[in-house]
Amino acid sequence: GAGVSQSPSNKVTEKGKDVELRCDPISGHTALYWYRQSLGQGLEFLIYFQGNSAPDKSGLPSDRFSAERTGGSVSTLTIQRTQQEDSAVYLCASSFQSGNTGELFFGEGSRLTVL
Amino acid sequence: AQTVTQSQPEMSVQEAETVTLSCTYDTSENNYYLFWYKQPPSRQMILVIRQEAYKQQNATENRFSVNFQKAAKSFSLKISDSQLGDTAMYFCAFMKSSLPYSTLTFGKGTMLLVSP
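All figures in this text were calculated on a predicted structure; none of them were measured in a lab.

Cut-offs used in this document
- All chains use their own residue numbering, which begins from 1 and follows the written sequence.
- Naming scheme: in the order in which they are written, chains are lettered from A and ligands are numbered from 1.
- Where local features are concerned, this predicted model is filtered to residues with pLDDT of at least 70; where side-chain atom pairs are given and counted, the filter is 80 or more; whole-chain, interface and lining totals use all residues.
- Values reported for side chains reflect all heavy atoms of the structure, with hydrogen atoms and water molecules removed beforehand.
- Secondary structure follows DSSP: runs of H or I at least 4 residues long count as helices, runs of E at least 2 residues long count as strands, and numbering of each begins at the N terminus.
- Values of the radius of gyration come from C-alpha atoms, whereas the globule rule sets the reference at 2.2 Å times the count of residues to the power 0.38.
- Computed with the Shrake-Rupley method and a 1.4 Å probe, the accessible areas treat only the protein chains shown as cover for residues.
- For the purpose of charge, His is not counted, nor are the chain termini; Lys and Arg are scored as positive and Asp and Glu as negative.
- Charge positions come from single atoms, namely NZ of Lys, CZ of Arg, CG of Asp or CD of Glu.
- Pairs of N or O atoms are called polar contacts if they sit within 3.5 Å, as long as, within protein, a hydrogen donor faces a hydrogen acceptor (for residues adjacent in sequence, only side-chain-to-side-chain pairs).
- In this description, contact between two residues means that some pair of their heavy atoms is separated by no more than 4.5 Å.
- Geometry of aromatic contacts follows a simple scheme: Phe, Tyr and Trp rings, the Trp one being its six-membered ring, pair when their centres are within 6.5 Å, and the pair is stacked under 30 degrees between planes, edge-to-face over 60, tilted otherwise.
- Relative accessible area decides the class of each residue, using a 1.4 Å probe on protein chains only: under 20% of the type maximum gives buried, over 50% gives exposed, and in between gives partly exposed.
- Only buried Ala, Val, Leu, Ile, Met, Phe, Trp, Tyr and Cys residues count toward a nonpolar core, and they belong to the same one when joined by side-chain atoms within 4.5 Å.
- Each salt bridge in this description consists of a side-chain nitrogen of Lys or Arg and a carboxyl oxygen of Asp or Glu lying within 4 Å of one another.

Undergrad: Mind showing me how you'd approach the overall build of chain A here?
TA: Of regular secondary structure, chain A possesses zero helices and 10 strands. For chain A, the succession of helices and strands along the chain, N to C, is β-β-β-β-β-β-β-β-β-β. Against the 2.2 N^0.38 benchmark of 13 Å for 115 residues, chain A shows a C-alpha radius of gyration of 13 Å, consistent with a compact globule. Counting only C-alpha atoms and orienting by the principal axes, one finds that chain A spans roughly 40 × 25 × 25 Å. Carbon and sulfur atoms make up 44% of the accessible area of chain A, which amounts to about 5,500 Å² in all. Measuring between centres, the 10 positive side-chain charges of chain A sit 4 Å from its 12 negative side-chain charges.

Written out as C-alpha cells, the structure is:
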C-alpha cells in the first residue's frame, strides 16, 4: 500500500499477556518511529529506528517494552506482561530520512485495551 | 528537554469563521522546527504546516497560517474560513534541527469542533 500500515487495528487482551503490534512503513522510508497516544496525554515518544543504526530506545517506559525492525522495513513493538496502564493507541510513523524535514507519515494506529 | 504546551483542550467555531489555536514551547535550542499536525476522528495524523525557527516570515498554507513569536516561544495556528472537515485534534510539535536525527515532541492537543 501507499501509506503506513499497522496491525492489528484493535487488540483486547488480558492483564499479564504479551502482545505484538506490527508496523509496515512506506516503501523507501528509512526512519521509523513508535509513539503512544493516551487519552488527554498527547503523543509520547517510544522508540526510533534509522537505517542500520542502533535504535533510540530512550522513550520506552519499562523493560516490558521492546521493538525490532527487520531488514530495515517492518517493525514489531512487543509488550510483555501487559498492564492496564498500557492501554492506549500505539502509533507508528515513518519518514524518508532522518533529520530535518519533520514530516512524519503516520499509520492509523493500533488500539490496545488491557482488561 | 523540550516541552510543548497547548492550553486549550477544546475549541469550537462556526463554519466560515476564523479560529486561533495556541501553543507555547520551552527550549534552550536556537535552531529548531515547529509543526502543527491534524488528526481527524478515526483517521491518520497529517502535517498541516511547518515553520523553521530561523525564518522570520510566518508560514502559510492556504487557509492555515501561523503566528510565530520566537522571543515569546509562541506558535499559534490560525484557521481562516473554517470548514466542517477541519474538525479534528490539532497537535503542536517541536523538533531540534540537529544531526544525526531528531524526534518530535508533541503537545497534548486541542480538539477543534467546527459546527454548521
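Undergrad: Before we go on, may I ask you to explain the side chain of A:T82 in this structure?
TA: All names here are of chain A. On the secondary structure map, T82 appears in the loop between β7 (75-79) and β8 (88-95). A polar contact of 3.3 Å, which involves the side chain of T82, links it to the backbone oxygen of E14. For T82, the residues in contact, after removing those within four places along its chain, are T13, E14, K15, G16, K17, V19, R64 and V114.

Undergrad: Please clarify how the packing of aromatic side chains should be interpreted in this entry.
TA: To describe a pair of aromatic rings, one takes the distance between the centres and the angle between the planes. Residue and element names in this part refer to chain A. On inspection of all chains with the given rule, the structure shows 16 aromatic pairs over all chains. Between Y35 and F45, the ring centres sit 5.9 Å apart and the planes meet at 70°, which makes this aromatic pair edge-to-face. Taken together, the residues Y35 in strand β4 (residues 31-37) and F45 in strand β5 (residues 43-50) connect sequence positions 10 residues apart. The exposure class assigned to Y35 is buried, which follows from its relative accessible area of 0%.

Undergrad: How should I be thinking about the side chain of A:Q50 in this particular structure?
TA: All names here are of chain A. Tracing the backbone shows Q50 in strand β5. According to the relative accessible area criterion, Q50 is buried, its value standing at 18%. Within polar-contact distance, the side chain of Q50 engages the side chain of T30 at 3.2 Å.

Undergrad: Help me understand the environment of A:Q84 in this model?
TA: Structurally, A:Q84 can be placed in the loop between β7 and β8. Here the alpha-carbon distance between A:Q84 and A:T113, two residues 29 residues apart in the chain, equals 7.5 Å.

Undergrad: Looking at this structure, how should I read the nonpolar core?
TA: All names here are of chain B. Judged by nonpolar contacts, the single largest core of 26 residues is most densely connected at Y25, W36, F75, L77, Y90 and L112. Counting only elements with at least two residues in this core, the list comes to β2 (10-14), β3 (19-21), β5 (32-39), β6 (46-52), β8 (64-69), β9 (74-79), β10 (88-96) and β12 (110-115). Broken down by element, the residue count for this core peaks at four residues, all from β10.

Undergrad: How do you make sense of the pattern of salt bridges when you look at a structure like this?
TA: When the charged atoms of two side chains lie near each other, side chains of opposite charge can form a pair. Overall, the coordinates contain six salt bridges over all chains when judged by the stated rule. A:D86 is paired through a salt bridge with A:R64; the nearest N and O atoms lie 2.8 Å apart. Of the two residues, A:D86 is situated in the loop between β7 and β8 and A:R64 in the loop between β5 and β6 (65-69); the sequence distance between them amounts to 22 residues. Residue B:K55 is joined to B:E52 by a salt bridge in which the shortest nitrogen-to-oxygen separation is 3.9 Å. Residue B:K55 is classed as partly exposed on the basis of its relative accessible area, which comes to 38%. Relative accessible area serves as the criterion here: at 11%, B:E52 is assigned to the buried category. Among the charged side chains, a salt-bridge network with shared partners connects B:R50, B:E52 and B:K55.

All we've got here are geometric facts, nothing functional implied.
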